[in-house]
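A look at the structure
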Amino acid sequence: MTFYVKPLLGSCPLSQLVSSSCVRLSYLHLLYQQRDSLDCVAEKVVDSGQFYEEVVYGGGGSQWDRLSHFTLMVAASLDQGFREFWVEAECLLFNYRLEREMMGKEVITSVRRLGRHLEEFMDGSSEEVWGEVFMAVKELLGDRLLQHWVECRETECRHGNTLIPFTMVLPLVRVRRVVMSLGRAQVNCRLVQATLGCIFRKIINTKLDILKKSHKEGQLTSVQKVWSGMLEGGNIKTCFAQIFGQFRGYREGTVSSREVEG
């Protein structure tokens, strides 16, 4: 499992970048379709005949998993409709991995790695952006609530009383699943999985907002310049066009999960 805080460095063939991104989009579409019955996902994967392993299986964090995630993130920063779908689908994938694919020690390792990465951001303007996320992760680890959760076998365990910034768990606040105390939300064992899902959602939405923000008002962002064909000779624009074409096909019903453009 990964929170995708740091992108990969290096280079890869553009054709493989497009292919892995389209395969991931196909899998996300499948998850989104089955969001009310995720028990059927494995069966649907077999039915679709698609090869997803290198891109999304195994709990995440592989080279192609990360590359395809960040490529689709950039695409999501360009189109609001795609963003809404992508955020929900990536959160479904995160929770699916967390609940069904990850061992407890792998979850702890992933959250500790997230904490280390966020600590690197606690400097200057980045602290304002990532400070509350870092605080939430630090409290979950410091109170050993996460350690208790991975070892607990009770579905409604109320052990623990970890306080984190309420803005990190707004979906839980809205439905009154958390108790508020002096501007902070109290998280116990039964809420850990939902809290990790909220943290993941906060991270990807924050990164999307960063991608959309220009250095000066009225100026195009680097992503917008790529999409307009001003950078990279229009090659990356072609990649995004293929992704958006596949997404439109899903919406219009002209492309199914069996048909992945690549």
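Quick note: structure is the one above.
Residues numbered from 1 in each chain as written. Predicted model: local features only at pLDDT ≥ 70, side-chain atom pairs only at ≥ 80, totals over all residues. Heavy atoms only, no water.

Next up on the list: helix 1 (residues 14–33). Between its first and last C-alpha, helix 1 extends 29 Å over 20 residues, near the 28 Å set by a 1.5 Å rise per residue. Taking burial as the measure, the 20 residues of helix 1 include 14 buried ones, the bulk of the element. (Helix = DSSP H or I, 4+ residues; strand = E, 2+ residues; numbered from the N terminus. Expected span 1.5 Å × (residues − 1). Buried < 20%, exposed > 50% of the residue type's maximum accessible area, 1.4 Å probe, protein only.)

Tracing the chain through its elements places A194 in helix 10 (residues 192–212). With 25 residues separating them along the chain, A194 and V169 place their C-alpha atoms 8.4 Å apart. For A194, the residues in contact, after removing those within four places along its chain, are L172 and R177. (Contact = heavy atoms within 4.5 Å.)

This part is about the pairing of strand 3 (residues 184–187). Residues A185 and V187 of strand 3 are buried on one face, while the alternating residues R184 and Q186, pointing to the opposite face, are not. In this sheet, strand 3 lies alongside strand 1 (residues 162–165) in antiparallel orientation, the contact comprising 4 bridges. For T162, the partnering residue across the bridge sits in strand 3 and is V187. (Pairing = 2+ DSSP bridges.)

We now examine the nonpolar core. If you look at the biggest cluster of nonpolar residues, it comprises 76 residues, and the most contacted ones within it are F3, Y27, F82, W86, L196 and I199. Considering every element that reaches this core, the biggest residue donor is helix 5 (residues 80–101), with 11 residues. Those residues in contact with L196 that lie beyond four places of it in its chain are F3, F94, L98, V107, V111, L140, L146 and W149. (Core = buried A, V, L, I, M, F, W, Y, C linked by side-chain atoms within 4.5 Å.)

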